[in-house]
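Letter by letter, the chains look like this.
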Amino acid sequence: MVPNLKWTFMVYLAGDNNLEEYGTIDLGEMKRVGSTADLSLVAQFDCMSDQTTRRYYLTANQSLDADCVATLPETNTGDPQALIDFVTWACAAYPADRYALILWNHGAGWKDDDIYRHASARGLVGKIPRGQIRGLASGRVSRALFSTTVEQMAVEAVERAVLFDDSAADFLDNLEMKRALQQAAPAFNGQLDLLGFDACLMSMLEVHYQLRDTCTVVVGSQEVEPGDGWPYDDILTCLAADPAMTPEALGKAIVQAYVSWYQSAYPNLAVTQSAISLSRLEPVAAAISALADRLQESVNTTTVLGLLFKALRSAQSFTDRDYVDLAHFCGLLAEYDQEGVIAVAARAVAELLSGESSPVIAEAHHGTNVQHATGLSIYLPTRIFSPLYCGLDFALKHRWDEFLVAFV
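Residues numbered from 1 in each chain as written. Predicted model: local features only at pLDDT ≥ 70, side-chain atom pairs only at ≥ 80, totals over all residues. Heavy atoms only, no water.

**Q** Pulling in residues and values, what's your account of helix α16 (residues 400-407)?
**A** Residues that lie three or four places apart on an α-helix share one face, since the helix turns once every 3.6 residues. Residues Trp400, Asp401, Phe403, Leu404 and Phe407 constitute the buried set of α16. Projection of α16 onto a plane perpendicular to its axis shows the buried side chains occupying an angular sector of 160 degrees, all on one side. Structurally, α16 contributes buried residues whose contacts are with α11 (281-297), α12 (302-314), α13 (326-337), β13 (377-379) and α15 (393-397). (Buried < 20%, exposed > 50% of the residue type's maximum accessible area, 1.4 Å probe, protein only. Helix = DSSP H or I, 4+ residues; strand = E, 2+ residues; numbered from the N terminus. Arc of directions from axis to C-beta. Contact = heavy atoms within 4.5 Å.)

In structure tokens:
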């Protein structure tokens, strides 16, 4: 008989923005399951309404106020130290065999441009609410960062990064996120068993590659998430029923619970979710470098430019049009190039993403707008290349950025 392995499930709710009401709802969902002898449910919630941060040990048999185990002064969830402090505290107070950390808030994939700085430079802070600058397309519709009006007025590129804090006018970018998890690593035995993004657009090769040494499995969405986010009661019911669940099994359960819930509750919304095994990323990254070499060699020719734009016209993309489904794009390249050298390189990437050793260990989607989603996106702009991309680990160690510079 396999012994139960206790999990500590940590949720870091960056609610000091216009998602605060959904944080309260999600805490209620967690309480429907509550902590058990084999599962500790722990949360930190930074609120906008009273400028207070609360830590909870969530139970099913008492009020949310009674579950509060610590009250902190106003915190900046965009400060890496705030995340480190929460994780260190949670792991010490509620030790376990396995640890899951969920980052709850807005998300924007790899893009790390400081939107607060852009808005301030244009004299808009104080005239437009920060929640509007950071952008949110109406309550239940989306957790995305995009607001058409504000894009035109305040930000030349769409909003960036993850864990936005309006009061502090700060956010946690991908480089900071990696450093925070590295510094907190001793608290969770060196590597998180599962990292989840209850946020938009985070299932990207670049994001996962940045975190490859800090986590075993990462779960996130290629597309924007609806305002309701994850169905925590459904997810935690699965984990409480089987606390011996591996990180891979928990990742698969989250993916299935998420898409199943939206199919039932909001069948007209397009949703995606996927679980990625980070130890399997390196072969895919190397194959992308080889594809980048083949593309860059001839990117100035009419034939290759035509091939690229033909594939991009049909490839699955998302609310941020610079984010393209990697496997679908490579499959189209291989199809359109037939037996050329680009086809060979593109097919190699596609096969790595679909084979038994694929880093995508679970993927689900619903809706015609995302029918070709396969679980992992890549940055592929056609007009403006962000120089910040070159600071990511993926760009430093591989050559996709060199192709993008030549292409754009």
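**Q** Account for the packing of aromatic side chains, naming residues and giving values.
**A** Counted by the stated rule, this structure contains 18 aromatic pairs. Taking 5.5 Å as the distance between ring centres and 10 degrees as the angle between the ring planes, the aromatic pair formed by Phe403 and Phe407 counts as stacked. In this pair, Phe403 and Phe407 are both assigned in helix α16, 4 residues apart and thus about one turn of the helix distant. Take Phe403: its relative accessible area is 0%, and that puts it in the buried class. Three or more aromatic residues link up through ring pairs in this structure, and these residues are Tyr12, Tyr57, Phe86, Trp89 and Tyr94. The positively charged end of Lys310 is found above the aromatic ring belonging to Tyr336, 4.3 Å away from the centroid. (Phe/Tyr/Trp six-rings, centres within 6.5 Å; stacked < 30°, edge-to-face > 60°. Lys NZ or Arg CZ within 6 Å of the ring centre and 35° of its normal.)

**Q** Describe the environment of Asp242, and please don't skip the residues or the numbers.
**A** Positionally, Asp242 belongs in the loop between α9 (232-241) and α10 (247-265). Taking the C-alpha atoms as reference points, Asp242 and Lys6, 236 residues apart in sequence, are found 9.8 Å from one another.

**Q** Requested: an account of the packing of α13 against helix α14 (residues 341-354), with residues and values cited.
**A** Between α13 and α14, whose axes approach to 8 Å, the crossing angle comes to 145 degrees. Of the two possible hands of crossing, α13 and α14 adopt the one that is left-handed. Where α13 abuts α14, its residues Leu326, Ala327, Cys330, Gly331, Leu333, Ala334 and Asp337 lie against Val341, Ile342, Ala343, Ala346, Arg347, Val349, Ala350 and Leu353. (Axes fitted to C-alpha atoms, helices over the stretch in contact; angles between N-to-C directions. Left-handed = near helix turned anticlockwise from the far one by under 90°.)

**Q** Break down unusual backbone geometry for me, citing the residues and quoting the values.
**A** In this structure, Asn189 is a non-glycine residue whose phi angle is positive, near 65 degrees. Residue position: Asn189 is located in the loop between α7 (174-184) and β8 (192-198). A relative accessible area of 61% means that Asn189 is categorised as exposed. The phi dihedral of Leu201 is positive, around 65 degrees, even though this residue is not glycine. With respect to the helices, strands and loops of the structure, Leu201 is situated in the loop between β8 and α8 (205-210). Relative accessible area serves as the criterion here: at 0%, Leu201 is assigned to the buried category.

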